[in-house]
Amino acid sequence: MMQRRRLLACAVLLPLLAACTARDEVHHVQGHVFGTQVEVSIYGPSEAEAREQGAAVLREFDRLHHKYHAWQPSQLTALNDAIARGESFDADEEMVGLLRSAAELSARSGDTFNPAIGRLIRLWGFQKNDITAGGPPAEEVDRLVKANPRMADLHFDGNRITSSNRAVMLDLGGYAKGYALDRAAQILRRANVKAALVNVGGNAIALGQPGSRPWMVGIRNPRGPEMVARVALHDNEAIGTSGDYERYFMKDGKRHAHIIDARTGQTVDLVASVTIITSGGADAGLRSDGNSKPLFVVGPQGWCGMAQRLDLKEAMLIDAQGEVYATPAMMARTDQGNGNGKSVRGCTAARNG
């Protein structure tokens, strides 16, 4: 059965911009893209070289931000407009590849990851920079739920995209940051960077190792600034967190976060955060972003089975009451070998019922 533990502080994994090496060997390049703070930490080269390499990453982030923006004019909004008109859209190879991978994850997760619900996200007021307390009319939510937009409604003929459901409106807010991490890793590897840690607002990917010890990411209280633990992040490992504490509004004492359950049309209120670690291949960043969403949506009762379904070995869920659930592999990573994680058992299918 799955073991659960109460931690002293409700903890969530977030990138920490510190390396266990001499500080003057790590250079930091910062920016603001995808509506969040980003930082590229580079180990090894001169400051001038690091700034040049970091700037190249930020330019790529800016390109992706403008290409896949969900509500400002972009290639994604042009596709959404074509779908709404019942017309086909000629995309490029990059967009098709990204949408095909999103459709595959959507199918594997039973549509609990569903970037096709952009209309619901907009209805709830999350497709804007300044989120204000609100809440959509129940009849409008019901109408969109009944329309049942899914990634399976997209059809690909080469680079031509059509949809059999005009209610589909794509929003890649839960996917594009992960893709951006993978693009950053490609850029830095081509530049022969020895080691780097790229952080995009709660998602991070590591390249190499800064000196004799690995990059570190921190665990902090999502309702406060303090850290409660650390995790070593090795080459081509990515960490992703989905939480209810950045894009949300409060109404009548209830927190409404930006992650929506497409099955009900409602915001998810049983979970505070989900954190996963992924590794290997050319899409570790993409997987760290997208795969956390299904666990968040199914919540404390179903997250364990969903982690197994998606083959996620290192995962942690913190519910709205601060209860912490974790796979044994994740607890072993977060406890830094101090013995606390050894009593935590893994979850099994029987637990999920």
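Before going into details, it helps to say that this report is about the structure given with it. Here the residue index of a chain counts from 1 through its sequence in written order. Where totals are concerned, whole chains, interfaces and linings use all residues; where local detail is concerned, this predicted model gives features only for residues with pLDDT of at least 70, and gives and counts side-chain atom pairs only at 80 or more. Excluding hydrogens and water, the side-chain values take into account all heavy atoms of the structure.

### Some details on the environment of Arg255
Let me state the cut-off plainly: Here a strand is any run of E in DSSP of at least two residues, a helix any run of H or I of at least four, and the numbering for each starts at the N terminus. Per-residue accessibility, obtained with a 1.4 Å probe over protein chains only, is compared with the maximum for each type, and a residue is labelled buried under 20%, exposed over 50%, and partly exposed between these values. Polar contacts, as used here, are pairs of N or O atoms within 3.5 Å; protein pairs need one atom able to donate a hydrogen and one able to accept it. Residues neighboring in sequence count only if both atoms are side-chain atoms.
Mapped onto the fold, Arg255 is located in strand S14 (residues 254-257). We classify Arg255 as partly exposed; its relative accessible area is 21%. In this structure the C-alpha to C-alpha distance between Arg255 and Val268, which are 13 residues apart in sequence, comes to 9.0 Å. A distance of 3.1 Å separates the side chain of Arg255 from the backbone oxygen of Asp244, its partner in a polar contact.

### Topic: unusual backbone geometry
Phi angles above zero are rare outside glycine, and Asn236 is one such case at about 60°. Within the element layout of this structure, Asn236 appears in the loop between strand S11 (227-233) and strand S12 (237-243). Note on Asn236: relative accessible area 17%, which makes it buried. In this structure, Asp311 takes a positive phi of about 60° despite not being glycine. Within the secondary structure, Asp311 sits in the loop between helix H8 (292-309) and strand S18 (314-319). Relative accessible area serves as the criterion here: at 51%, Asp311 is assigned to the exposed category.

### Quick word on the environment of Asp142
For Asp142, the location among the structural elements is in helix H5 (residues 138-147). On the accessibility criterion, Asp142 (41% relative accessible area) is partly exposed. Remark: the alpha-carbon pair of Asp142 and Thr264, spanning 122 residues in sequence, is separated by 8.0 Å.

### Section: the pattern of salt bridges
The criterion, for reference: A side-chain nitrogen of Lys or Arg and a carboxyl oxygen of Asp or Glu constitute a salt bridge if their distance falls within 4 Å.
The final tally for this structure, using the stated rule, is 19 salt bridges. Lys293 is paired through a salt bridge with Asp289; the nearest N and O atoms lie 2.9 Å apart. On the basis of relative accessible area, Asp289 is assigned to the buried category, the value being 1%. A salt bridge links Arg333 to Glu314; the shortest N-O distance between them is 3.0 Å. Placement of the pair is Arg333 in helix H9 (residues 328-334) and Glu314 in strand S18, with a sequence separation of 19 residues. When its relative accessible area of 15% is taken as the criterion, Glu314 is described as buried. Salt bridges here are not isolated pairs; linked through shared partners, they connect Glu60, Arg63, Lys67, Asp92, Glu94 and Arg183.

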